Amino acid sequence: AVVSTQSTGCRVMPTFILILLRFYLRVDNVLIRLQETRFYCEDNWDYVLRDVSVREAPFSAIHHLGNAILFDEMEIGNHLPVKSRTLERISVQDISSNL
């Protein structure tokens, strides 16, 4: 079986905004992958921070965790190794010029 989900969370406060995008992919007996992208900006900044992390493991490396963890989209991220991570500072002027 293959399970793929995408979720979005947004927190808007008086002094900052935080957006979380999460993509989860599980291909039973093959792999589990979790990609999270966070956008963060404070009200006096002229830029946005983008933090992208990719976690992934083959089923053979994590099957010992048991089904309760393997099939829990929120918990499995604590057990997957980070494959890549990038942190970028994006100018608000660059964003607005592309609109």
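These lines cover the structure that appears in this document, whether it is placed above or below. The shown structure was predicted, so the numbers you read here are calculated from the model rather than taken from an experiment.

A look at the nonpolar core
- Of all hydrophobic cores here, the largest spans nine residues; its members are Y24, I32, L34, A57, F59, I62, L70, I76 and L80.
- For this core, the elements supplying multiple residues, two or more each, are β3 (31-42) and α1 (59-62).

Focus: the sheet that holds strand β2 (residues 16-27)
- The strand order β1-β2-β3-β4-β5 describes an open sheet built from five strands, whose pairing is antiparallel. The sheet is open, and its two edges are formed by β1 (2-12) and β5 (82-91), each paired on a single side. Averaged over all adjacent pairs, the angle separating strand axes in this sheet is 10°, with direction ignored.
- Sheet topology places β2 next to β3; 12 bridges connect them, and they run antiparallel. Looking at the pairing, R22 lines up with E36 of β3.

Looking at the pattern of salt bridges
- By the definition in use, this model includes six salt bridges.
- We note a salt bridge from R50 to E88, for which the minimum N-O separation is 2.7 Å. In this pair, R50 is assigned in strand β4 (residues 47-58) and E88 in strand β5, connecting sequence segments 38 residues apart.
- Taking relative accessible area as the criterion, R50 reaches 26% and is therefore assigned partly exposed.
- Classification of E88 by relative accessible area gives partly exposed; the value is 33%.

Focus: the environment of E42
- Here E42 lies in strand β3.
- The sequence separation of E42 and S4 amounts to 38 residues, and the corresponding C-alpha distance is 32 Å.
- Setting aside chain neighbours within four positions, we find E42 in contact with T15 and F16.
- Within polar-contact distance, the side chain of E42 engages the side chain of Y40 at 2.7 Å.

Each value, and the rule that gives it
- Residues numbered from 1 in each chain as written.
- Predicted model: local features only at pLDDT ≥ 70, side-chain atom pairs only at ≥ 80, totals over all residues.
- Heavy atoms only, no water.
- Core = buried A, V, L, I, M, F, W, Y, C linked by side-chain atoms within 4.5 Å.
- Buried < 20%, exposed > 50% of the residue type's maximum accessible area, 1.4 Å probe, protein only.
- Helix = DSSP H or I, 4+ residues; strand = E, 2+ residues; numbered from the N terminus.
- Pairing = 2+ DSSP bridges.
- Axes fitted to C-alpha atoms, helices over the stretch in contact; angles between N-to-C directions.
- Salt bridge = Lys/Arg side-chain N within 4 Å of Asp/Glu carboxyl O.
- Contact = heavy atoms within 4.5 Å.
- Polar contact = N/O pair within 3.5 Å; in protein donor to acceptor, adjacent residues only side chain to side chain.

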